[in-house]
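The chain contents come next:
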Amino acid sequence: TLGKPVLTDVLPVDGVTKAQLLTAVASAEHDSEHPLAAAIVDGARDNGVPVAPPNSFASITGKGVRASVDGHEVLVGNLRLLAEANVDATMLEPDLALLSHDGKTPMLAAVDGVAVGVVAVADALKEDSVDAIAGLQARGIDVVMMTGDNRNTAGAIARQVGISRVVAEVMPEHKAAEVRRLQSEGRVVGMVGDGINDAPALAQADVGSAIGTGTDVAIESSDITLISGNLTALVTAIDLSHATMRNIRQNLGFAFGYNAIGIPIAAGLLYPAFGVLLSPIVAAAAMALSSLSVVTNANRLRAFSPASVVPATFHPAASTDPVIEVGRDTTEKESTTMHHGSHDHHDHHAPASETDPVCGMTVDPASAAATREHDGRTFYFCSDNCASTFDANPHQYAHATH
């Protein structure tokens, strides 16, 4: 749903200039191949800020990066990264909350063990995102947004595009597990992705669709490649699939129809009553006509023209807050903080959470899909399916959570 990210905010702490903060962060991110890192480096250069390759660089999955810049250790990432380095980032939390609420991706920075500020990158919505999602929903397809973004950022984006269900704060290595969880709900899951971290999830999905402008490994792991990178192409692919299956059923009808009529006649069905036998010449002509009918009907797909996606004017999902679930990989302690897994660069405190007693997912009580009261206790569920499973045997699941 998102286009090319751009640098939007540079918020240094007192005593540090914007140029100093941006130089440190951009230099640390110089060797990273992540789109958000590229946005920071490009933003620094556009603002005339000098950027130099780091002396050393290490990417820390799920947390951020560590680099040595001009003899100084620079950390750029989420709260967990800074916390593990014993960096006090308390003064940065208000900026984190504000930027996340605006749907931006904040990243904290520390130099030599001292927090120096926050930079933020915003992913501009692709022009066709809202229309593509509306087209999918119009075809009876439930759209779920799965992201490593913290729940505030994910919720803000979901509201803009009309998505009603979000699985947020998913670590890169756990995306495939989230796809399996959706499949366990009895769903046929189609996954759309473009990054290296999406590859396992694309392979796990019933149908994987890779964005053509994405990484090679994502394309290799998928079943369909959307060459143009245009999300409305996904709607076209679905329509073409339906047209193809309809054509196959028609061809089977032609083939079986000819055989159902021709074989009994060739066997002498009409001979006792009418003295009619099927001439070998007529049989050969009928067989040729059967093949010709099938091939001609199949060739009609060459004239397939994708239906234009009608611009969305209203999304029912956009009128209410989306249901936001937290990735299964988030621990109870971490579930009270918000972090960005796409670039794995930020964290922020969030409301207390509960655990779905059926699937084990961490659920925000304020946005739970369903709740149940049992033995004087309230249980929260990530989906209606989990709530229904709980209803079938509440004692089993209620007892398991104690």
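Residues numbered from 1 in each chain as written. Predicted model: local features only at pLDDT ≥ 70, side-chain atom pairs only at ≥ 80, totals over all residues. Heavy atoms only, no water.

A. The pattern of salt bridges, seen in detail. A full pass over the atoms with the stated rule returns 13 salt bridges. Residue Glu73 is joined to Arg66 by a salt bridge in which the shortest nitrogen-to-oxygen separation is 3.4 Å. The shortest N-O distance in the salt bridge between Arg139 and Asp239 comes to 2.8 Å. On the criterion of sequence distance, the pair formed by Arg139 in the loop between helix H5 (129-138) and strand E7 (144-146) and Asp239 in helix H10 (residues 232-266) is long-range, its members being 100 residues apart. Residue class for Arg139 comes out partly exposed when judged on its relative accessible area of 33%. Salt bridges sharing common partners tie together Asp142, Arg165, Glu178, Arg181, Glu185, Arg187 and Glu325. (Salt bridge = Lys/Arg side-chain N within 4 Å of Asp/Glu carboxyl O. Helix = DSSP H or I, 4+ residues; strand = E, 2+ residues; numbered from the N terminus. Buried < 20%, exposed > 50% of the residue type's maximum accessible area, 1.4 Å probe, protein only.)

B. Summary view of the confidence of the model for the protein. Per-residue confidence for the protein gives a mean pLDDT of 80, with 87% of residues at or over 70. Note that pLDDT drops below 50 for residues 314-319; the model gives that stretch 11 contacts with residues more than four away or on any other chain. Below a pLDDT of 50 lies the segment residues 329-351, which in the model reaches 104 contacts outside its immediate sequence neighbourhood of four places, other chains included. (pLDDT = per-residue confidence, 0-100. Contact = heavy atoms within 4.5 Å.)

C. View of the packing of aromatic side chains. This structure, assessed with the given rule, holds 2 aromatic pairs. An aromatic cluster of three or more residues is present, and its members are Phe379, Phe381 and Phe390. (Phe/Tyr/Trp six-rings, centres within 6.5 Å; stacked < 30°, edge-to-face > 60°.)

D. Representation of the side chain of Asn251 within the structure. Structurally, the position occupied by Asn251 is in helix H10. According to the relative accessible area criterion, Asn251 is buried, its value standing at 11%. Those residues in contact with Asn251, other than ones at most four positions away along the chain, are Val294, Asn297 and Ala298.

E. Layout of helix H2 (residues 35-46). Between its first and last C-alpha atoms H2 spans 16 Å; for 12 residues at 1.5 Å apiece the expected length is 16 Å, and the two agree. When we look at burial in H2, the residues that qualify are Leu36, Ala37, Ala39, Ile40, Val41, Gly43 and Ala44. Directly after H2, the chain includes Gly48, whose backbone phi takes a positive value near 75°. (Expected span 1.5 Å × (residues − 1).)

F. Structural context of H5. With 7 of its 10 residues buried, H5 lies for the most part within the structure. A positive backbone phi angle near 80° is found at Gly140, which sits one or two residues after H5.

G. View of the sheet that holds E7. Spatial strand order, E7-E8-E12-E16-E15: 5 strands in an open sheet with mixed pairing. Since the sheet does not close on itself, it has two edges, and those belong to E7 and strand E15 (354-355), each with one partner. Direction of pairing for E15 relative to strand E16 (residues 362-363): antiparallel, over a ladder of 2 bridges. Paired with Thr355 across the bridge in E16 is Thr362. In the packing of helix H6 (residues 151-161) onto the sheet, the strands contacted are E7, strand E8 (165-168) and strand E12 (323-326), and the crossing angle to E8 comes to about 150°. Those strands touched by helix H7 (residues 175-184) are E7, E8 and E12, and its axis lies near 145° from that of E8. (Pairing = 2+ DSSP bridges. Axes fitted to C-alpha atoms, helices over the stretch in contact; angles between N-to-C directions.)

H. The environment of Asn230, seen in detail. Mapping Asn230 onto the fold places it in the loop between strand E11 (224-226) and H10. With a relative accessible area of 31%, Asn230 lands in the partly exposed category. Spatially, the C-alpha atom of Asn230 lies 8.9 Å from that of Ala132, the residues being 98 residues apart in sequence.

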